[in-house]
Amino acid sequence: MPLRLDLFPPDRAAVRLILDDGSKAVIGRDIDSDVRVDHPSVSRSHARLESVGGSWTLIDLASKNGSFVDGKRTSEPSPLEEHAQLRFGDVHADAKVIDQDEVTQLRLHAARRRKTVAEHSIALHQIAANSLIQRALDSMVELVEADRGFVLLPGPGGLRVSAYRGVDPDDTGNVLFCGSLTQVNRAIALKTPLVLNSVASVPLATRSQSFSGGNIASLLVWPLVHGGEVLAAIYVDHVSSPRSIDELDLELLGAFTEQATLCLGAERRRAALEGLSGRAATAAGR
């Protein structure tokens, strides 16, 4: 039967793969590996997963940092249970035997999500400027099935919350950012998306956390960069559900955030032009 393999490299998006029944897959850091895991703790050819007679076996390929099955280091071929926790160096993985119906459902779900992304991207061009930031956040929360989200705008006084979802204002009507400010600042400084999956997002936790996130299972910070300037940073996380953020999430959001950035950039240019026109008209009337 097919094997669903979810890999959780520290400080990176999770990777989900479906290995076909009867197949073999070498896991390693080498670019030609069947399952490439680009992490320094993983050897170039670290381990091999192979299916024989409907059962899956893990074989360590004399890796430096070891291969582990359900917490135990293995040096001999190790048959896997229907659901097993694996580790390659410092990279944890969740391996589960699934049937063909579940494979079909996973692929249909991915196709539906791609269609949803396209619809959200088109909708950004059809809404009023004053609703653009909130709509971008709502779409991103929905696309990654997040529990809460914020849009943070950089300014002279630091970051301020411009839009939010999944949190309640305080008694004064203000909303305080309650995510990971350290990771937001890091993403803004790098001007690149940042993903963190904590141990809480990895099933049957027997491993070390990739970050200290309190009750945060996973988070994503996506700076919207236009002309080298960070216009805004969209932050979403999972706190009530142990869901990880994976490479499919990043693939889907790439096109959407590009459209959101273009829309925000166009709105900023329009506002700047209106400001110039207003000042020119004032000067002419003096």
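What you are looking at is a predicted structure, and each value in this text was computed from that prediction instead of being measured. (Residues numbered from 1 in each chain as written. Predicted model: local features only at pLDDT ≥ 70, side-chain atom pairs only at ≥ 80, totals over all residues. Heavy atoms only, no water.)

**Q** What exactly am I supposed to notice about the overall build of the protein chain here?
**A** Each helix and strand counted, the protein chain has 4 helices and 16 strands in total. Of the contacts made within the protein chain by residues no fewer than 6 positions apart, 54% connect residues no fewer than 24 positions apart. Roughly 14600 Å² of accessible area belongs to the protein chain as shown, and the carbon and sulfur atoms make up 50% of that amount. (Helix = DSSP H or I, 4+ residues; strand = E, 2+ residues; numbered from the N terminus. Contact = heavy atoms within 4.5 Å. Areas by Shrake-Rupley, 256 points an atom, 1.4 Å probe, with all protein chains shown as cover.)

**Q** Any chance you could explain helix α2 (residues 132–143) here in plain terms?
**A** In an α-helix, one turn spans 3.6 residues, which is why side chains three or four residues apart end up on the same side. If you check α2, its first and last C-alpha atoms are 16 Å apart, about what 12 residues at 1.5 Å a residue would give, namely 16 Å. All buried positions along α2 are accounted for by Leu132, Ala136, Leu137, Ser139, Met140, Val141 and Leu143. Looking one or two residues past α2, Glu145 carries a phi angle of roughly 55°, positive in sign. (Expected span 1.5 Å × (residues − 1). Buried < 20%, exposed > 50% of the residue type's maximum accessible area, 1.4 Å probe, protein only.)

**Q** Even after reading the chapter, I still don't get unusual backbone geometry, so can you show me in this structure?
**A** Excluding glycine, most residues fall at negative phi; most peptide bonds, likewise, are trans. The phi torsion at Glu145 lies on the positive side, around 55°, for a residue other than glycine. Position of Glu145 relative to the elements: it lies in the loop between α2 and β12 (148–153). On the basis of relative accessible area, Glu145 is assigned to the partly exposed category, the value being 38%. Although it is not a glycine, Lys191 adopts a positive phi angle of roughly 55°. By the secondary structure assignment, Lys191 is in the loop between α3 (181–190) and β14 (194–197).

**Q** I would appreciate a short explanation of the pattern of salt bridges in the present structure.
**A** Opposite charge on two side chains permits pairing when their charged atoms draw close. A full pass over the atoms with the stated rule returns 10 salt bridges. Between Arg165 and Asp138 there is a salt bridge, and its shortest N-O distance comes to 3.7 Å. In this pair, Arg165 is assigned in strand β13 (residues 160–165) and Asp138 in helix α2, connecting sequence segments 27 residues apart. Judged by its relative accessible area of 35%, Arg165 falls in the partly exposed class. Asp138 sits in the partly exposed class, given a relative accessible area of 23%. A salt bridge links Asp249 to Arg243; its shortest N-O distance comes to 3.1 Å. Exposure class is identical for Asp249 and Arg243. Each is buried. (Salt bridge = Lys/Arg side-chain N within 4 Å of Asp/Glu carboxyl O.)

**Q** For this particular structure, what's the right way to read α3?
**A** Within the sequence span of α3, burial applies to Gln183, Val184, Ala187 and Ile188. For α3, the arc enclosing every buried residue in end-on projection is 135°, short of the 170-degree limit, so these residues lie on one face. The exposed residues of α3 that point more than 90 degrees off its buried face are Thr182, Ala189 and Leu190. The inward-facing, buried residues of α3 contact β12, β14, β15 (218–226) and β16 (229–238). Lys191, located one to two residues past α3, shows a positive phi value of around 55°. (Arc of directions from axis to C-beta.)

By themselves, these are just geometric observations and shouldn't be taken as functional.
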